[in-house]
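Chains, contacts and geometry: an overview
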Amino acid sequence: RNLPQRRQGDGVDDHSPNWQDLLAMNDEFELYDVRKVDEFGKSSDSLPSVLENSQGAFLYHICDINYDIKAEHATLRKTHTEPVAADFEQGCESLGKGNAYFVKDGKCAYAFKNSDFDGFDESVENEGYKVSFTSLNACESDASSFYSVVIEAVCNRDEVESKFTLSSETNCTSLYQFEGKEACKLYKIKVAQYAAKLAPFIGIILILIGLLMTLAGAKFLFQAFAAMVFLIVSSFVFLTIFNMLDASAEMKVVGGVFALSVILGISAAVLSFKFAKDWAVALLAAWGGIIIGLLLCKILKVDSPTVQLAFVFICALAAGYTGKQMNRVVRSLGTAFVGSFLLIRGIGCYAGGYPSEMNSYNAGQQESPAIFAYFGGFVFSTIVGFLVQMRIFRDEGKSDDDFMATEDEGESAAASEALLTPPP
């Protein structure tokens, strides 16, 4: 919430903030457990929640994946008790599988796939959030729009009964409001409090990491790959199991899940290290080939999806093969490229005038002359870093090969001499 507005320059394009700008940040991150509202009033976790209006009933799961709605789900309605159509399930399926459905006159009128979560705007004093659903099919009374359902969850820490109310409705919209302690935030993280202490050092951190990657990044690429695997696996395991827990799960259970996710993440990282030494560079190069192929398709104005796919596949294959055969070259160039970006970005935190990565090009805007200096420094740093790494790591991995080569050459020479020497 409360995202800061970046300051505009006088007559020139606005640029990325330096560390002084970061001191002015006023962001706050709030963590909510949506499951508490999602499960409110349910008789079973397997059943959808139900909200009703004058037109029909909205059956939904906020946190669950898309599901197949059943005829018995439609009987959960309280005020709309009309018979469920015989082809109810087939009619719902024809709209598309979703995580929410709107039942009207005993039939599925709308299907909804996924939902959008937003915190309240900073102008709203109340604590809470809203979840928005938009139908896959057009609204029956207005084919130019879709049916939307919005649930506003408002925190109320007082000892009052938690409840849903229908705030407003039209032919194509429904707004429900939930009020209760279930909608209150779990934690609030005041980013500015920590950013103010860290901000003066962000540029230094970027410069140091950039120098390390530019001049010696190839040495740590495999460790970085393993660290990335650890983060992905541990995060995936924790979030998956955490979302399966009951909303009232104790903190020690959550701590156990976290410990398990860390153990599995470390195990995956260790196993991936050997794989990384053999294939990480090739895979990274192949990914770069995909990006290059897509860019070339845009430049060459290739329209056919089949030709695009074939072109991208060839580029990925060629880049992957090159990465496998020229492992050291690709590692050195790639890490020098990334390191140089971080290095120049860190310098920009103090020198100022660094172009914002978030702004798209505007033909009418006036660019700062500093952009050419930064670009020149980036290219120069990449070239120097590449050459330095090629020089430093020129003998990397050759010791064993050279020994074996010498041994093989000795054996070959001895064999040749034996063949040429006449028997006594």
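The rules behind these values
Residues numbered from 1 in each chain as written. Predicted model: local features only at pLDDT ≥ 70, side-chain atom pairs only at ≥ 80, totals over all residues. Heavy atoms only, no water. Helix = DSSP H or I, 4+ residues; strand = E, 2+ residues; numbered from the N terminus. Buried < 20%, exposed > 50% of the residue type's maximum accessible area, 1.4 Å probe, protein only. Areas by Shrake-Rupley, 256 points an atom, 1.4 Å probe, with all protein chains shown as cover. Disulfide = S-S within 2.5 Å. Phe/Tyr/Trp six-rings, centres within 6.5 Å; stacked < 30°, edge-to-face > 60°. Patch = residues over 30% accessible without salt bridge, like charges linked within 9 Å, V, L, I, M, F, W, Y side chains within 5 Å. Salt bridge = Lys/Arg side-chain N within 4 Å of Asp/Glu carboxyl O. Axes fitted to C-alpha atoms, helices over the stretch in contact; angles between N-to-C directions. Parallel < 35°, antiparallel > 145°, perpendicular 65-115°, else oblique. Left-handed = near helix turned anticlockwise from the far one by under 90°. Pairing = 2+ DSSP bridges. Expected span 1.5 Å × (residues − 1). Core = buried A, V, L, I, M, F, W, Y, C linked by side-chain atoms within 4.5 Å. Contact = heavy atoms within 4.5 Å. Polar contact = N/O pair within 3.5 Å; in protein donor to acceptor, adjacent residues only side chain to side chain.

The next point concerns the overall build of the protein. Looking only at helices and strands, the protein has 11 helices and 11 strands in total. Taking all 424 residues of the protein together, 33% fall into the buried category. Here the protein has roughly 25,900 Å² of accessible surface; of this, 64% comes from carbon and sulfur atoms.

All right, on to the state of the cysteines then. If you walk through the whole model with that rule in mind, you get 3 disulfides. A sulfur-sulfur separation of 1.8 Å characterises the disulfide bridge that pairs cysteine 92 with cysteine 108. On the sign convention where negative means left-handed, the S-S torsion of about 80 degrees between cysteine 92 and cysteine 108 marks this disulfide as right-handed. Placement of the pair is cysteine 92 in helix H4 (residues 88–95) and cysteine 108 in strand E5 (residues 107–112), with a sequence separation of 16 residues. Each sulfur of the disulfide joining cysteine 139 and cysteine 172 lies 2.0 Å from the other. Taking the sign of the S-S torsion, about -85 degrees here, the bridge from cysteine 139 to cysteine 172 comes out left-handed. Of this pair, cysteine 139 sits in strand E7 (residues 128–139) while cysteine 172 is found in the loop between strand E9 (163–169) and strand E10 (173–180), placing the two residues 33 residues apart along the sequence.

What follows deals with the packing of aromatic side chains. For the coordinates displayed, the defined rule picks out 14 aromatic pairs. Measuring from ring centre to ring centre gives 5.2 Å for phenylalanine 58 and tyrosine 60, while their planes differ by 15 degrees; the resulting arrangement is stacked. For tyrosine 60, a relative accessible area of 1% translates into the label buried. Relative to phenylalanine 112, the ring of phenylalanine 58 has its centre 5.2 Å away and its plane inclined at 90 degrees; by these criteria the two rings are edge-to-face. With phenylalanine 58 in strand E3 (residues 57–60) and phenylalanine 112 in strand E5, the pair connects residues that are 54 residues apart, well separated along the chain. Side by side, phenylalanine 58 and phenylalanine 112 carry an identical accessibility label, which is buried.

The grouping of Phe201, Ile204, Ile205, Leu208, Ile209 and Tyr350 at the surface amounts to a nonpolar patch, some 550 Å² of accessible area in total. Of all the elements, helix H5 (residues 191–216) adds the most residues to the nonpolar patch, at 5 residues. Mapped onto the secondary structure, phenylalanine 201 falls in helix H5.

Now for the packing of helix H9 (residues 327–351) against helix H10 (residues 370–392). At a minimum axis separation of 8 Å, H9 and H10 run at an interaxial angle of 140 degrees. The angle between the axes of H9 and H10 places the two elements in the oblique class. With respect to the hand of their crossing, H9 and H10 are arranged in right-handed fashion.

Time to look at unusual backbone geometry. Not every positive phi belongs to a glycine, and aspartate 105 is a case in point at roughly 55 degrees. Within the secondary structure, aspartate 105 sits in the loop between strand E4 (100–104) and E5. Judged by its relative accessible area of 58%, aspartate 105 is exposed.

A word on the pattern of salt bridges. Applying the stated criterion across every chain yields a total of 4 salt bridges. Note that glutamate 140 is salt-bridged to lysine 104, the shortest N-O span being 3.3 Å. Of the two residues, glutamate 140 sits in the loop between E7 and strand E8 (142–155) while lysine 104 sits in strand E4, which places them 36 residues apart along the sequence. By relative accessible area, which is 53% here, glutamate 140 ends up exposed. Notably, a salt bridge pairs glutamate 127 with lysine 185, separated by 2.8 Å at the nearest N-O pair.

To continue, consider the pairing of E9. Summarising the sheet, E9 and E10 pair through 6 bridges and their orientation is antiparallel. From the neighbouring strand, glutamate 169 faces E10, where its bridge partner is serine 174. Between E9 and E10, which pair antiparallel and follow one another directly, the connecting turn spans 3 residues.

End to end, helix H6 (residues 221–242) covers 31 Å across 22 residues, agreeing with the expected 32 Å (1.5 Å per residue, within 8%). Restricting attention to buried positions, one finds in H6 the residues Leu221, Phe222, Phe225, Ala226, Val229, Ser234 and Val237.

The next point concerns the nonpolar core. Counting residues in hydrophobic clusters, the biggest one holds 24 residues, and the most contacted among them are Phe58, Tyr60, Phe112 and Phe133. Elements with a contribution of two residues or more to this core: E3, E4, E5, E7, E8 and E10. If sequence neighbours within four positions are ignored, phenylalanine 112 has contacts with Phe58, Gly98, Asn99, Ala100, Tyr101, Phe102, Phe133, Thr134, Ser135, Tyr147 and Val149. Membership of the second largest hydrophobic core comes to 11 residues, among which are Leu59, Phe88, Val103 and Ala111.

Next up on the list: the environment of valine 257. Looking at the secondary structure, you find valine 257 in helix H7 (residues 251–299). The spacing of valine 257 and threonine 240 is 17 residues in sequence and 9.9 Å in space, taken between C-alpha atoms.

You can see serine 340 is positioned in helix H9. A distance of 3.1 Å separates a polar atom in the side chain of serine 340 from the backbone nitrogen of threonine 382. If sequence neighbours within four positions are ignored, serine 340 has contacts with Thr214, Phe378, Ser381 and Thr382.

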